[in-house]
Amino acid sequence: MPEAVVECRAVVKRFGRRVAVDGLDLAVPAGSCFGLLGPNGAGKTTTLRMIYGVAPPSSGEIRVFGLDVGREARAVRARIGVTLQENALIEPLSPVENLRIFARYHLLSRSEREARIEEILDFLDLRAFAAVPVAKLSGGFKRRLAIGLSLVSRPELLILDEPTTGLDPAVRLALWERIRELRDSGTTVLLTTHYMDEAERLCDRIAILAAGRVVAEGAPARLIRETLAAEALELELAPHAEREVLGEQGGVPRVRSGRHLTLYVADAGELLQSLRRRGGAAASLRAVVRPTNLEDLFLHHTGMRLEAGEDGLGAADGPRA
Amino acid sequence: MSVSPRHALAVWYRNFAMYRRTWKLNVLPNFFEPLLYLASIGIGVGAYVQGMGGTSYVAFLAPGLVAVSAMNGASFEVTYNSFVRLNYEKTYESMLTTPVQPDDLLAGEVLWAVTRASIYGGCFFAAVAAVGLAPFPSSLWALPVIPLTGLLFAALGIAFSLRITSMDLFSFYFTLFLTPLFLFSDVFFPLEERLAGGWLTLAEALPLLHPVRLMRHAFRGEGGLVLLWDALYVLVLSGALLVLAARTIRRRLGS
């Protein structure tokens, strides 16, 4: 594995008596796109804040580019770019003016500044709105600009806190493409997201956080393969009918959410056929056969119980935060 | 505290760039307020006031109001504006993702408040001078007092703004702190003629009193040891408040 750009060892963060991060170990390999996944309150944003050196950990060690972030915050932040969850833009000013102000925080010279702004306007398709007050831009363009601000210093590490939350599908696709390009040109990307499709398409590696700890870490496809069966069978099936319909399939790992039951098996099509052959209620089941995905893995790790056949035991109705 | 001047200037520039765009909206009301007082109280009420030691009442009023306009310029910046940048616009949070450190941020904010105080105080001084109320050249000594006044009220305001969690508390700051200062700090009447000894000593605690006294002495072209005390008061209190504010800002943003 290439050297780690970010290394967290046994990191703990307490706010009073609340433990937000509870013994976190993490290594973000250079040149990768790394995703931090987890339900709300799992400690994702707190972890990022510690990594870029704004919030000191209560205990544990964090190194970025091999430097101790607590001691060398300024040196570390000169080499990283951060996009916060909420856009912090100056609404009465234009994108160019916003970029100029941000470039000054990095002490870029005038010529560096202007050249870099030109590049960013092109890279994020902001040129048409370069001189318009930010207040008049759509949500998608505001988000582009927020990401653009974090790129002014040509960061070696780009930290994105929920980069595409609340954006329409076209904007998300465009941003993913840009993030991929950055990764391909050598920038290490560390992002948090609630969107499993985003993590699956974008991230080389992911870590799933729950209650301030890493509960799973690795390449998404491999993690899914190692944790769950290859395919999922989704059924609309009330809890009381479960035993009757599934019969001797009681041992298959499954997850229930209300009337919605998902079973994880190697060959979901075959399972569905065998259920249908039994006739009765099973013959008219509404069913979907699909490959197991990151969402299944996420639910598996963050709250919904996978059940190995305890009869009629309904799992939680959603991931527990 | 350890401030990187270039980073502090970058923070200053942020506010300057914003101000350049919006000054017409927020300069005018604050700037006109002391002018209105000068016209109404100075000329209107002043017509009935005798015995200001040889000067007209409006001439007595002018130096104090220069200090007041500097106070206003700084105060608006570090109260509502700073509060919004900290709590709503996440400006400080985003600055701290860059090499800007909390101390730079504080220094930049204060420097900007001093700048704005200087713009207000300077314009007001120019207006007062234009109508012949600032005797030259002695009143030029008032010019360094303007940023000094700005510094004091920038420090007071930012120390307050960083500690509160609700914007509603600014009405206390303005109505129960700045307004009484405005009314009872030698601006409208000479305190030493109205207060008995003990109270007069107590009045030395009032922050606005000191810039006003410095300003008035400058206008009159008078010196005195008391001015050293005034300058010392302003510098020491500002310094202490800024150290306190630096601690608060690190706690507010760095946890």
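The model shown is predicted, which means the values in this text are computed figures rather than measured ones.

**Focus: the overall build of chain A**
So, step 1. Summing up its helical and strand segments, chain A has eleven helices and 14 strands in all.
So, step 2. For the C-alpha atoms alone, the extent of chain A along its principal axes is close to 75 × 45 × 35 Å.
So, step 3. Among the 321 residues that make up chain A, the fraction classed as buried is 44%.
So, step 4. Counted over contacts in chain A with a minimum sequence separation of 6, partners at least 24 positions apart contribute 70%.

**Quick word on the overall build of chain B**
So, step 1. From N to C terminus, chain B includes ten helices and zero strands.
So, step 2. Walking chain B from its N terminus toward its C terminus, one meets helices and strands in the order α-α-α-α-α-α-α-α-α-α.
So, step 3. A compact globule built from 255 residues would reach a C-alpha radius of gyration of about 18 Å, and chain B, at 19 Å, matches this within 12%.
So, step 4. Seen through its principal axes, chain B has C-alpha atoms that stretch 60 × 40 × 35 Å.
So, step 5. Out of the 255 residues in chain B, the part that is buried amounts to 47%.
So, step 6. Counting contacts in chain B only where the partners sit at least 6 residues apart, residues at least 24 apart contribute 83% of the total.

**Concerning helix H5 (residues 142-163) of chain B**
So, step 1. When the terminal C-alpha atoms of H5(B) are compared, their 32 Å separation across 22 residues agrees well with the 32 Å that a helix rising 1.5 Å per residue should span.
So, step 2. Extensive coverage of H5(B) is indicated by the burial of 19 of its 22 residues.

**With respect to the pairing of strand S10 (residues 213-218) of chain A**
All names here are of chain A.
So, step 1. Relative to S10, strand S9 (residues 205-210) runs antiparallel, the two being bridged by five bridges. In the strand pairing of S10, Leu-209 is matched with Val-214.
So, step 2. Linking S9 to S10, which pair antiparallel, is a turn of two residues; within it Ala-211 sits at a positive phi near 50°.

**A word on the confidence of the model for chain A**
So, step 1. Looking at chain A as a whole, the pLDDT averages 89, with 93% of positions reaching at least 70.
So, step 2. Under a pLDDT of 50 for its full length, residues 305-321 of chain A has, in the predicted model, 37 contacts with residues more than four places off or in other chains.

**A look at the interface of chain A and chain B**
So, step 1. With 22 residues of chain A at the interface, the matching set in chain B holds 24 residues.
So, step 2. Residues of the side of chain A that touches chain B, tallied by class, amount to 16 nonpolar, one polar and five charged.

**Structural notes on the sheet that holds strand S4 (residues 59-64) of chain A**
All names here are of chain A.
So, step 1. A sheet is described by the order of its strands in space; here four strands give the open sequence S2-S1-S4-S5, paired in antiparallel fashion. Whereas interior strands pair on both sides, the edge strands pair on one side only; in this sheet they are strand S2 (18-29) and strand S5 (67-68).
So, step 2. Sheet topology note: the S4/S5 ladder contains two bridges and is antiparallel. Residue Val-64 lies in a different strand from S5, and its bridge partner there is Leu-67.

**Structural notes on the confidence of the model for chain B**
So, step 1. The predicted model of chain B has a mean per-residue pLDDT of 92, with 98% of residues at 70 or higher.
So, step 2. Interface confidence for the predicted complex, expressed as ipTM, amounts to 0.91; the pTM equals 0.89.

**A short note on the environment of B:Ser166**
So, step 1. Its location among the elements puts B:Ser166 in the loop between H5 and helix H6 (170-184).
So, step 2. The sequence separation of B:Ser166 and B:Arg252 amounts to 86 residues, and the corresponding C-alpha distance is 14 Å.

**Considering unusual backbone geometry**
So, step 1. Cis peptide bonds are those with omega within 30 degrees of zero, and the linkage from B:Phe136 to B:Pro137 qualifies with -5°.
So, step 2. Note that B:Pro137 resides in the loop between helix H4 (102-130) and H5.
So, step 3. Of note, the phi angle at A:Asp125 is positive, near 55°, even though the residue is not glycine.
So, step 4. Summarising the element assignment, A:Asp125 is placed in the loop between helix H4 (110-123) and helix H5 (139-149).
So, step 5. Under the C-beta neighbour-count criterion, A:Asp125 is labelled partly exposed, with 13 such atoms within 10 Å.
So, step 6. Even without being a glycine, A:Glu162 presents a positive backbone phi close to 50°.
So, step 7. Mapped onto the fold, A:Glu162 is located in the loop between strand S7 (157-161) and helix H6 (169-184).
So, step 8. Residue classification places A:Glu162 among the partly exposed residues on the basis of 19 C-beta atoms within 10 Å.

Criteria and thresholds
Residues numbered from 1 in each chain as written. Chains lettered and ligands numbered in written order. Predicted model: local features only at pLDDT ≥ 70, side-chain atom pairs only at ≥ 80, totals over all residues. Helix = DSSP H or I, 4+ residues; strand = E, 2+ residues; numbered from the N terminus. Buried ≥ 20, exposed ≤ 12 C-beta atoms within 10 Å, placed from the backbone. Contact = placed C-beta atoms within 7 Å. Rg over C-alpha atoms; globule rule 2.2 N^0.38 Å. Expected span 1.5 Å × (residues − 1). Pairing = 2+ DSSP bridges. pLDDT = per-residue confidence, 0-100. Nonpolar A, V, L, I, M, F, W, Y, C, P; charged D, E, K, R; others polar.

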